Amino acid sequence: MALPADTDLGLSAEDVLTTTRSVRKRLDFERPVPKELLTDCVRVALQAPSGSNRWLMQFVIVTDRERREALAAVYREAYEQYRQIPTYIGAVDKGTPERNASQQRTSGSADYLAENMHRAPALVLACAMGRPDNGPSIAKTTLLGSVMPGMWSFMLAARARGLGTAWTSVSLFREQETADVVGIPIDEVTIAALSPVAYTLGTDFRPALRPDPEEVIHWEQW
Ligand SMILES: Cc1cc2nc3c(=O)[nH]c(=O)nc-3n(C[C@H](O)[C@H](O)[C@H](O)COP(=O)(O)O)c2cc1C
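Residues numbered from 1 in each chain as written. Predicted model: local features only at pLDDT ≥ 70, side-chain atom pairs only at ≥ 80, totals over all residues. Heavy atoms only, no water.

### Structural notes on the site of the ligand
No. 1: Contacts to the ligand come from Arg 21, Ser 22, Arg 24, Tyr 75, Ile 89, Thr 106, Ala 110, Trp 167, Thr 168, Ser 169, Val 170 and Arg 210.
No. 2: In this structure, an oxygen atom belonging to the ligand sits 3.0 Å away from a side-chain N or O atom of Arg 21.
No. 3: Protein chains shield 67% of the accessible area of the ligand, which is 630 Å² for the free molecule.
No. 4: Counted by class, the shell around the ligand contains five nonpolar, four polar and three charged residues. (Near = heavy atom within 4 Å. Polar contact = N/O pair within 3.5 Å; in protein donor to acceptor, adjacent residues only side chain to side chain. Areas by Shrake-Rupley, 256 points an atom, 1.4 Å probe, with all protein chains shown as cover. Nonpolar A, V, L, I, M, F, W, Y, C, P; charged D, E, K, R; others polar.)

### Thoughts on the UniProt feature "domain: Nitroreductase" (unreviewed entry) in the protein chain
No. 1: Feature annotation in UniProt assigns "domain: Nitroreductase" (unreviewed entry) to the following positions: residues 19-193.
No. 2: Between the first and last C-alpha atoms of residues 19-193 the distance is 20 Å; the span itself is 46% helix and 13% strand. (UniProt positions renumbered as here; feature names shortened; annotations may be inferred. Helix = DSSP H or I, 4+ residues; strand = E, 2+ residues; numbered from the N terminus.)

### Thoughts on the packing of helix α3 (residues 65-82) against helix α7 (residues 175-182)
No. 1: One can describe the packing of α3 onto α7 by two numbers: an axis separation of 9 Å at closest approach and a directional angle of 180°. It follows that α3 is roughly antiparallel to α7 by the angle criterion. On α7, the residues touching Arg 67, Ala 70, Leu 71, Val 74 and Glu 77 of α3 are Glu 177, Thr 178, Val 181 and Val 182.
No. 2: In the contact of α3 with α7, the residues fall into five nonpolar, one polar and three charged. (Axes fitted to C-alpha atoms, helices over the stretch in contact; angles between N-to-C directions. Parallel < 35°, antiparallel > 145°, perpendicular 65-115°, else oblique. Contact = heavy atoms within 4.5 Å.)

### Some details on the sheet that holds strand β1 (residues 57-62)
No. 1: Across the sheet, four strands lie side by side as β1-β2-β4-β3; this open sheet has antiparallel pairing. Two strands bound the open sheet, and with one partner strand each, they are β1 and β3 (163-165). For this sheet the average axis-to-axis angle between neighbouring strands, irrespective of direction, equals 30°.
No. 2: In this sheet, strand β4 (residues 189-199) lies alongside strand β2 (residues 122-129) in antiparallel orientation, the contact comprising eight bridges. Note on β4: the bridge partner recorded for Leu 125 is Leu 194.
No. 3: Seen against the sheet, helix α2 (residues 35-45) touches β1, β2, β3 and β4 and runs at an angle of roughly 165° to β1. (Pairing = 2+ DSSP bridges.)

### Focus: the environment of Leu 3
No. 1: Inspection of the secondary structure puts Leu 3 in the segment before α1 (13-19).
No. 2: Residue class for Leu 3 comes out partly exposed when judged on its relative accessible area of 34%.
No. 3: Remark: the alpha-carbon pair of Leu 3 and Asp 40, spanning 37 residues in sequence, is separated by 8.4 Å.
No. 4: The contact partners of Leu 3, leaving out residues within four places of it in the chain, are Glu 36, Leu 37 and Asp 40. (Buried < 20%, exposed > 50% of the residue type's maximum accessible area, 1.4 Å probe, protein only.)

Below you can see the structure in the form of structure tokens.
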């Protein structure tokens, strides 16, 4: 499989892990993304763990303009719904001026994506074969745990190759309409995430503001 010559940015594992941001305002909407590159990111994604080694991960990759526009239109409607709920990204109080300023920047970026999703050259839906909605907690976590690490690997692989992605779940407010655009049978399949994929405008991304590790570690017991 022939990949473009400038595919590998040569980032270290540490760089890839700490600078893979949700890219929204720096997506290059004009530059097409070769299908071979998207396939290569899926190849990497498939190396992620999966419960009982069952390989339940599936990807719907949409490049067709009309379908992208239809998916993005549903996303926009869903995003309006999301803006009304208390956990809307722009309504979350992070407790300090520095953290709130960062939160508001991210919120502006998320609003921008909702307006511009259709312009991304590819939209990727990460799915898992199964629908354990009313099942025990282990069934749900195992199913989601069998697709989310893979999707994150896809995003890390994309970053290493000069592509930007952004994890989104808002379209699940309109799950059936989202599924209908691409024919996903949601009585059998769980949609875990939707991401735009595009080359990034520039490749210099930085680690983001995050809590100090000691804020989240519970040594020995909760
Ligand atoms: C489960 C999950 C759902 C998310 N849903 C959305 C979404 O619907 N729309 C969006 O713009 N970003 C979404 N995000 C991206 C987060 O806003 C983003 O990861 C967070 O603000 C941190 O920014 P960073 O990824 O650039 O470090 C989601 C992230 C996760 C993990």
